[in-house]
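# Topology and contacts: notes
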Amino acid sequence: MSETSTTVTADHFNYLARRTTPEDEFLRRLKAAARGAGIPPIWISPEQGSFMQLLLKISGARQVIEVGTLAGYSSIWMARALPPDGHVRTIEVSDRHAGFAEQWISKSDVAERIRVYRGKGEKILPAFESDSADAAFIDANKDGYPFYLRESLRIVRRGGLIMADNAFGFGRILDPTDAGSEPMRVFNDLMAKERALQSIIVPLGDGLWCGMKL
């Protein structure tokens, strides 16, 4: 037993990644097509996807909301963790990204479990009923994270999950001179102080916030 934590290096992470359920051929083809279509390659890592699936299965989640569809990669990971009658409601502001995601979701094994909502999260989330979801995943414009968190706290039931990507600010969170990561520094402080959640940053991908609504 040790009271100290092991600093996770790139070698440690590669060791972890090699022992985590990998993405399948369909998801690899989706990412290749997304790159070819000029969609930014900023989706979650396979390690995050596998971990999120585990959390959703353990919690018995059936209804999930997602802010930031991008190519539909994370939507498919999450939908695969749900029972046959489960659903992911995912929101995407870019029509081009939404169209790409819908095309690939329709080819997936979970096409009936995912619906893409086109528009801004600020407009779509308020229309969702309170306590109508078991989990939320936030992965969109960083300035909007505080609003998405407030709405997720309303929409997700007590005991449900709230997850948010990019806690490490694309690797620049500890650089005080990097103005681009300031929105995530603000959000990280907000999450750490949020009394309605018990949460922690999991060092997978670019840092994944995982919280349970109390």
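Residues numbered from 1 in each chain as written. Predicted model: local features only at pLDDT ≥ 70, side-chain atom pairs only at ≥ 80, totals over all residues. Heavy atoms only, no water.

## As for the sheet that holds strand E6 (residues 197-202)
For clarity, the cut-off: Strands are treated as partners if at least two bridges between them are detected by DSSP. Note on conventions: DSSP H or I runs of at least 4 residues are helices, E runs of at least 2 residues are strands, and numbering of each starts at the N terminus. Simply put, an axis is a line fit to the C-alpha atoms, just over the touching stretch for a helix, and the angle between two N-to-C directions goes from 0 to 180 degrees.
Ordered by their spatial adjacency, 7 strands build an open sheet running E3-E2-E1-E4-E5-E7-E6, and the pairing between neighbours is mixed. Looking at which strands have only one partner, the edges of the open sheet turn out to be strand E3 (114-118) and E6. Each adjacent strand pair in this sheet contributes to an overall mean axis angle of 15 degrees, direction not counted. Relative to strand E7 (residues 208-213), strand E5 (residues 156-165) is paired through 5 bridges, and the arrangement is antiparallel. Residue pairing across strands places aspartate 165 opposite leucine 208, the latter belonging to E7.

## What to know about the packing of aromatic side chains
Keep this limit in mind: Two rings from Phe, Tyr or Trp (for Trp, the six-membered ring) form a pair when their centres are within 6.5 Å of each other. A pair whose planes differ by under 30 degrees is stacked, one over 60 is edge-to-face, and the rest are tilted. For every residue, the accessible area (1.4 Å probe, protein chains only) is compared with the maximum for its type, and the residue is labelled buried under 20%, exposed over 50%, or partly exposed between those bounds. Sitting over a ring, as applied to charges here, requires NZ of Lys or CZ of Arg to be within 6 Å of the ring centre and within 35 degrees of the ring normal.
Scanning the entire structure with this criterion turns up 7 aromatic pairs. Here the aromatic rings of phenylalanine 26 and tryptophan 104 are separated by 5.4 Å at their centres, their planes lie at 55 degrees, and the arrangement is tilted. One end of the pair, phenylalanine 26, is in helix H2 (residues 25-36); the other, tryptophan 104, is in helix H5 (residues 95-107), with 78 residues separating them in the sequence. The burial state of phenylalanine 26 is the same as that of tryptophan 104; both residues are buried. Between tyrosine 145 and phenylalanine 187, the ring centres sit 4.9 Å apart and the planes meet at 85 degrees, which makes this aromatic pair edge-to-face. Of this pair, tyrosine 145 sits in helix H7 (residues 145-155) while phenylalanine 187 sits in helix H8 (residues 182-193), placing them 42 residues apart in sequence. The exposure classification of tyrosine 145 matches that of phenylalanine 187, with both residues buried. A connected cluster of aromatic rings, assembled from ring pairs, spans Phe26, Phe100 and Trp104. In this structure, arginine 19 packs its charged tip against the face of tyrosine 15, placed 3.7 Å from the ring centre. One cation-aromatic arrangement involves arginine 89 over phenylalanine 128; the distance from NZ or CZ to the ring centre is 4.5 Å.

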